[in-house]
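Tertiary structure, described
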Amino acid sequence: MSSLKEHIEQLENDLSASPMRISVFRDLPFAILRYDPAEEWKLRHEARLLATRLAESGREVVMISLADLLWEALEECEGVDTIVRMEQRSGFAAAQAQITKYLSDPVWAPLPDLLASKLAPLDPRRHVVFLTRVAAMAPHIYFMSMLLDQMKGRTEVTSILLYPGAREGENQLRFMNLPSRDALGTYRVKIYG
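Below you will find a few notes about this structure.

Rules used in this analysis
- Residues numbered from 1 in each chain as written.
- Predicted model: local features only at pLDDT ≥ 70, side-chain atom pairs only at ≥ 80, totals over all residues.
- Heavy atoms only, no water.
- Helix = DSSP H or I, 4+ residues; strand = E, 2+ residues; numbered from the N terminus.
- Buried < 20%, exposed > 50% of the residue type's maximum accessible area, 1.4 Å probe, protein only.
- Contact = heavy atoms within 4.5 Å.
- Areas by Shrake-Rupley, 256 points an atom, 1.4 Å probe, with all protein chains shown as cover.
- Lys, Arg positive; Asp, Glu negative; His and termini not counted.
- Charge placed at Lys NZ, Arg CZ, Asp CG, Glu CD.
- Polar contact = N/O pair within 3.5 Å; in protein donor to acceptor, adjacent residues only side chain to side chain.
- Axes fitted to C-alpha atoms, helices over the stretch in contact; angles between N-to-C directions.
- Left-handed = near helix turned anticlockwise from the far one by under 90°.
- Nonpolar A, V, L, I, M, F, W, Y, C, P; charged D, E, K, R; others polar.

So, on to the overall build of the chain. Summing up its helical and strand segments, the chain has 7 helices and 7 strands in all. Listed N to C, the secondary structure of the chain is α-β-α-β-α-α-α-α-β-α-β-β-β-β in terms of helices and strands. Its C-alpha atoms give the chain principal-axis dimensions of roughly 55 × 40 × 30 Å. In the chain, which comprises 193 residues, the share counted as buried stands at 48%. Of all intrachain contacts in the chain linking residues separated by at least 6 positions in sequence, the fraction that spans at least 24 positions is 74%. Per element, the accessible surface of the chain, about 9700 Å² overall, is 51% carbon and sulfur. Placing the 23 positive and 26 negative side-chain charges of the chain at their respective mean positions leaves the two points 3 Å apart.

Put into structure tokens, the structure is as follows:
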């Protein structure tokens, strides 16, 4: 089994290449760096070191936290207090379903729109995005496979999803190593790890 450092080294080689070699599809410039959720702090440290090394080769890394986008969406919708009251009244599953609705329904604050707005001012020739704090979407708030599918054609900025989970076959990942079949996602992007 390869280590996190080896996967980061492979990713770094592909990001440092000219042109970058992370994506098969021009309209889906994403890749996934998969890591074991137990290595969260190690991954964060290694990602900062990678960002520094990439800066030395002229690529600027921008970190976008999906946790921050989640909180932004909650505030933009009905506020965190509404979700807290809903969970107290109706339970966790109802609150989670409401958050999923906020992030999915065009009437509220769709996650792909929030992410696209963060990517829009970036220069695809210079910037690389690391999508961090993905675990905020656990256990079933928003599926990352769905997010990547919905980002097709919405950016040209190379983006790396730092994905906590386990590999299940060639193109499937199990989010946060959750036991549920619902935690599986199938991906059409390159997966490191």
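So, on to the side chain of Glu12. In this structure, Glu12 sits in helix 1 (residues 4-16). A polar atom in the side chain of Glu12 sits 2.9 Å from the side chain of Arg53. Other than its neighbours up to four places away in sequence, Glu12 contacts Leu50, Arg53 and Leu54.

As a further point, take the packing of helix 3 (residues 66-76) against helix 6 (residues 111-119). The N-to-C vectors of helix 3 and helix 6 enclose an angle of 115°; their axes lie 10 Å apart at closest approach. Taken as a pair, helix 3 and helix 6 cross one another with a handedness that is right-handed. Contacts from Leu69, Glu72, Ala73 and Glu76 in helix 3 reach Leu111, Leu114, Leu115 and Lys118 in helix 6. Within the contact of helix 3 with helix 6, the residues separate by chemical class into 5 nonpolar, no polar and 3 charged.

On the secondary structure map, Leu70 appears in helix 3. On the basis of relative accessibility, which here comes to 8%, the residue Leu70 falls in the buried class. Between the alpha carbons of Leu70 and Ala136 there is a distance of 7.7 Å; along the sequence they are 66 residues apart. Setting aside chain neighbours within four positions, we find Leu70 in contact with Ile99, Leu103, Ala136, Met137 and Ile141.

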